[in-house]
Protein chains: 2
Amino acid sequence: MPKQRYRITVAYDGTAYAGWQIQPKDETVQSVLERALQKMCGSRTRLHGSGRTDQGVHARGQVAHFDADITVPVSKIPIVLNTLIPSDIRVLSARKAVSDFHARRSTTAKEYRYFIWNAPMIDPFERLYCTHVRRPLDISAMRCAAKAFVGRHNFRAFTANPKTDVPSHTRNIFHLRISRSGPKICISVKGDGFLYKMVRSMVGYLLRVGAGEVSAGSVGAVISSARRTADVPTAPSSGLFLWKVWY
Amino acid sequence: MPKQRYRITVAYDGTAYAGWQIQPKDETVQSVLERALQKMCGSRTRLHGSGRTDQGVHARGQVAHFDADITVPVSKIPIVLNTLIPSDIRVLSARKAVSDFHARRSTTAKEYRYFIWNAPMIDPFERLYCTHVRRPLDISAMRCAAKAFVGRHNFRAFTANPKTDVPSHTRNIFHLRISRSGPKICISVKGDGFLYKMVRSMVGYLLRVGAGEVSAGSVGAVISSARRTADVPTAPSSGLFLWKVWY
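Focus: the overall build of chain A
And then number 1: Each helix and strand in chain A was counted, giving five helices and ten strands.
And then number 2: Compactness check: chain A gives a C-alpha radius of gyration of 19 Å against a globular reference of 18 Å for 247 residues, within 12% of the reference.
And then number 3: For chain A, buried positions account for 55% of its 247 residues.
And then number 4: Summarising the internal contacts of chain A: among those between residues at least 6 apart in sequence, 71% fall at separations of at least 24.
And then number 5: Counting 37 positive and 17 negative side-chain charges, chain A places the averaged centre of each group 3 Å from the other.

Points about the interface of chain B and chain A
And then number 1: Listed by partner, the interface residues are 21 residues for chain B and 21 residues for chain A.
And then number 2: Of the roughly 1,700 Å² buried where chain B meets chain A, counting both sides, 66% is carbon and sulfur surface.
And then number 3: Broken down residue by residue, the surface that chain B buries against chain A is led by B:Met121, B:Phe125 and B:Arg127, which jointly contribute 39%.
And then number 4: Summed over the shared surface of chain B and chain A, the number is four salt bridges.

Looking at the packing of aromatic side chains
And then number 1: Counted by the stated rule, this structure contains 24 aromatic pairs over all chains.
And then number 2: Taking 5.0 Å as the distance between ring centres and 80 degrees as the angle between the ring planes, the aromatic pair formed by B:Phe149 and B:Phe158 counts as edge-to-face. B:Phe158 shares its class with B:Phe149; the two are buried.
And then number 3: A connected cluster of aromatic rings, assembled from ring pairs, spans A:Phe115, A:Tyr129, A:Phe241, A:Trp243 and B:Phe125.

Re helix H3 (residues 139–146) of chain B
All names here are of chain B.
And then number 1: Buried within H3 we find Ile139, Ala141, Met142, Ala145 and Ala146. The buried residues of H3 all sit within an arc of 160 degrees when viewed along its axis, so they share a single face.
And then number 2: Buried residues in H3 make contact with strand S8 (170–181), strand S9 (184–191), helix H4 (198–210) and helix H5 (219–225).

Regarding the pattern of salt bridges
And then number 1: Applying the stated criterion across every chain yields a total of 24 salt bridges over all chains.
And then number 2: Linking A:Glu111 and A:Arg113 is a salt bridge whose minimum nitrogen-to-oxygen distance equals 2.8 Å.
And then number 3: Classification of A:Arg113 by relative accessible area gives partly exposed; the value is 25%.
And then number 4: Across the pair B:Glu27 and B:Arg35 runs a salt bridge whose closest N-O atoms are separated by 2.7 Å.
And then number 5: For B:Arg35, a relative accessible area of 44% puts it in the partly exposed group.
And then number 6: It is possible to trace a salt-bridge network through shared partners that takes in A:Arg135, A:Arg208, A:Glu213 and A:Asp231.

Points about unusual backbone geometry
For residues other than glycine, phi is negative in most cases, and the peptide bonds are mostly trans.
And then number 1: Phi at A:Ala226 is positive, roughly 55 degrees, even though this residue is not glycine.
And then number 2: A positive phi angle is found at B:Lys197, which is not glycine, with a value near 60 degrees.
And then number 3: By secondary structure assignment, the location of B:Lys197 is in the loop between S9 and H4.

With respect to the relation of the copies chain B and chain A
One copy of the chain maps onto the second through a rotation about an axis and a displacement along it.
And then number 1: Mapping chain B onto chain A calls for a rotation angle of 180 degrees and an axial translation of 0.0 Å; the resulting RMSD is 0.0 Å. Such a combination of rotation and displacement between the chain copies is what one expects of a two-fold axis. Minimal C-alpha separation from the rotation axis in chain B is found for B:Phe125, amounting to 5.1 Å.
And then number 2: Interface overlap between copies is the fraction of interface residues in one copy that are interface residues in the other; for chain B against chain A it reaches 100%, indicating a shared surface.

Section: helix H2 (residues 77–84) of chain A
Residues and elements named next belong to chain A.
And then number 1: For H2, the full list of buried residues reads Ile77, Pro78, Leu81 and Asn82. For H2, the buried positions fall inside an angular range of 120 degrees around the axis, keeping them on one side. Of the exposed residues in H2, the ones pointing more than 90 degrees away from its buried face are Ile79 and Thr83.
And then number 2: Tucked into the core, H2 has its buried residues touching strand S1 (4–12), helix H1 (29–41), strand S3 (58–68) and strand S4 (89–97).

Remarks on the environment of B:Asp67
All names here are of chain B.
And then number 1: Along the chain, Asp67 turns up in strand S3 (residues 58–68).
And then number 2: Residues Asp67 and Asp231 lie 164 residues apart in sequence; the distance between their C-alpha atoms is 44 Å.
And then number 3: Filtering out sequence-adjacent residues up to four positions away, Asp67 remains in contact with Lys3, Gln4, Arg5 and Thr45.
And then number 4: Separated by 2.7 Å, the side chains of Asp67 and Arg5 make a polar contact.

A look at the packing of H1(A) against H2(A)
All names here are of chain A.
And then number 1: One can describe the packing of H1 onto H2 by two numbers: an axis separation of 9 Å at closest approach and a directional angle of 120 degrees. If you check the angle between H1 and H2, you find them oblique. As for how H1 packs across H2, the hand of that crossing is right-handed. Residue-level inspection shows Ala36, Leu37, Lys39 and Met40 of H1 in contact with H2, the latter providing Ile77, Val80, Leu81 and Leu84.
And then number 2: Across the contact of H1 with H2, the residue classes break down as seven nonpolar, no polar and one charged.

Looking at the nonpolar core
And then number 1: Counting residues in hydrophobic clusters, the biggest one holds 71 residues, and the most contacted among them are A:Phe66, A:Ile77, A:Phe158 and A:Ile187.
And then number 2: Counting residues per element, this core draws most heavily on helix H4 (residues 198–210) of chain A, which supplies eight residues.
And then number 3: Beyond its immediate chain neighbours, meaning those up to four positions away, A:Ile77 contacts A:Tyr6, A:Ile8, A:Met40, A:Phe66, A:Ile70, A:Val72 and A:Ala94.
And then number 4: B:Ala59, B:Ala141, B:Met198 and B:Ala235 belong to the second-largest nonpolar core, a separate cluster that totals 70 residues.

A closer look at the environment of B:Ser168
And then number 1: Inspection of the secondary structure puts B:Ser168 in the loop between strand S7 (151–154) and S8.
And then number 2: As for B:Ser168 and B:Asn154, which are separated by 14 residues in sequence, their C-alpha atoms are 8.0 Å apart.

Considerations on the confidence of the model for chain A
And then number 1: Here chain A averages 96 in pLDDT, while 98% of its residues score no lower than 70.
And then number 2: For this predicted complex, the interface confidence comes out at an ipTM of 0.91, alongside a pTM of 0.93.

What to know about the packing of H3(B) against H4(B)
All names here are of chain B.
And then number 1: Look at H3 against H4: their axes get within 8 Å of each other, and the N-to-C directions meet at 135 degrees. In terms of their interaxial angle, H3 and H4 are classed as oblique. Where H3 crosses over H4, the handedness of that crossing is right-handed. Every residue of H4 that contacts H3 at Ala141, Met142, Ala145 and Ala146 is listed here: Leu206, Leu207, Val209 and Gly210.

Conventions and cut-offs
Residues numbered from 1 in each chain as written. Chains lettered and ligands numbered in written order. Predicted model: local features only at pLDDT ≥ 70, side-chain atom pairs only at ≥ 80, totals over all residues. Heavy atoms only, no water. Helix = DSSP H or I, 4+ residues; strand = E, 2+ residues; numbered from the N terminus. Rg over C-alpha atoms; globule rule 2.2 N^0.38 Å. Buried < 20%, exposed > 50% of the residue type's maximum accessible area, 1.4 Å probe, protein only. Contact = heavy atoms within 4.5 Å. Lys, Arg positive; Asp, Glu negative; His and termini not counted. Charge placed at Lys NZ, Arg CZ, Asp CG, Glu CD. Buried area = accessible area lost by both parts, 1.4 Å probe. Salt bridge = Lys/Arg side-chain N within 4 Å of Asp/Glu carboxyl O. Phe/Tyr/Trp six-rings, centres within 6.5 Å; stacked < 30°, edge-to-face > 60°. Arc of directions from axis to C-beta. Least-squares fit on C-alpha atoms with pLDDT ≥ 70 in both. Polar contact = N/O pair within 3.5 Å; in protein donor to acceptor, adjacent residues only side chain to side chain. Axes fitted to C-alpha atoms, helices over the stretch in contact; angles between N-to-C directions. Parallel < 35°, antiparallel > 145°, perpendicular 65-115°, else oblique. Left-handed = near helix turned anticlockwise from the far one by under 90°. Nonpolar A, V, L, I, M, F, W, Y, C, P; charged D, E, K, R; others polar. Core = buried A, V, L, I, M, F, W, Y, C linked by side-chain atoms within 4.5 Å. pLDDT = per-residue confidence, 0-100.

Now the structure itself:
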């Protein structure tokens, strides 16, 4: 009898983990979940995520799939798995998926949110979930610059490994919105896919715009250059959340 | 020349510390701050807090005083100290105080807030700052019970060390308010002072009321008994915040 495919949605505080993907030595979110799956399923069970998140990156809505032949009712899967893992990772929901569903290949869109604490002093309770930027940021200039990212572009200038052999550096960005509530700034970006460290590179450049180091109008030329240079810094990982994945 | 007395307000995430007060082996908030004061002042400088907070308890507005003969302008004291301490502790403000100001003895009131995450699953980002209660809580019953705590009472039944030689177990509670926003419940309690583990004991009993284990009307009799029994559990430390101190 073929195994059933299951799809789970997972939230995690990435502070304690060396990212999503299994590493030989360091603890990762995938490692923790696969150990729990092995206990629940009675045999080694591979978990496929929608994509990797780097060390220190958080998730509100990571999606993953696995195949299993189990008697646990699907509604009980989150309860069973959550008793087997630490509380900084929570399986939010589980459902049965069709056999050709694939957490990575079937995605149609992803949303990331990046949080910035823009004040002279960081709130100690936000330190692990926001990037602290002391100097005042010009949100209007950042919003103006953000417009240039929206649409279908070659994002080679905004990936950390431009030499990596990926088939294409073209991605379609559906929106890039910047909102502010007191000292907390949220940058929400949704697209059909993202290159390695692409969100953190876009945010890194937007922070330079906000600080007045580069003009809001310069984004287009950087995109067109299709070359990653030191002009584009990578923003720290702790402010980044994988927010939602669409299929 | 006599030293100047300074008053500072401090916020801290208590997760990593063995409470406020200096301990021989474990790292505490007071230890961290006194090491920073020694560097800033050039000599050992004692810091007097408004009161101890236990291991894992947080603070939004702890107040403390110290005496020093320094050239650092008072407005720069938070900046200097914050560069010398980890980001889970932040000196929010500093001001000069009169020589008879005492962070503990001069208090006129304190407010604590206790946070509860009341849902089947805890948000992984709230796990260190809320107590997780899975079973639904009857907020109306808890509010009704809370009324009996308000006013001047002997709180011997709600302290963890009833045999401790304190001059009096009588305290005046000004308010005890319970609010709910989605799964997050906040219990705010303000009084002229609190006995050892008194807030956590009051919350522990209120949680039993909310779960229907004991009646809302039973608080008065427990207070009157002036005896600590197993009927009053101590709620976990991680949901507790020292919120504000008045002088």
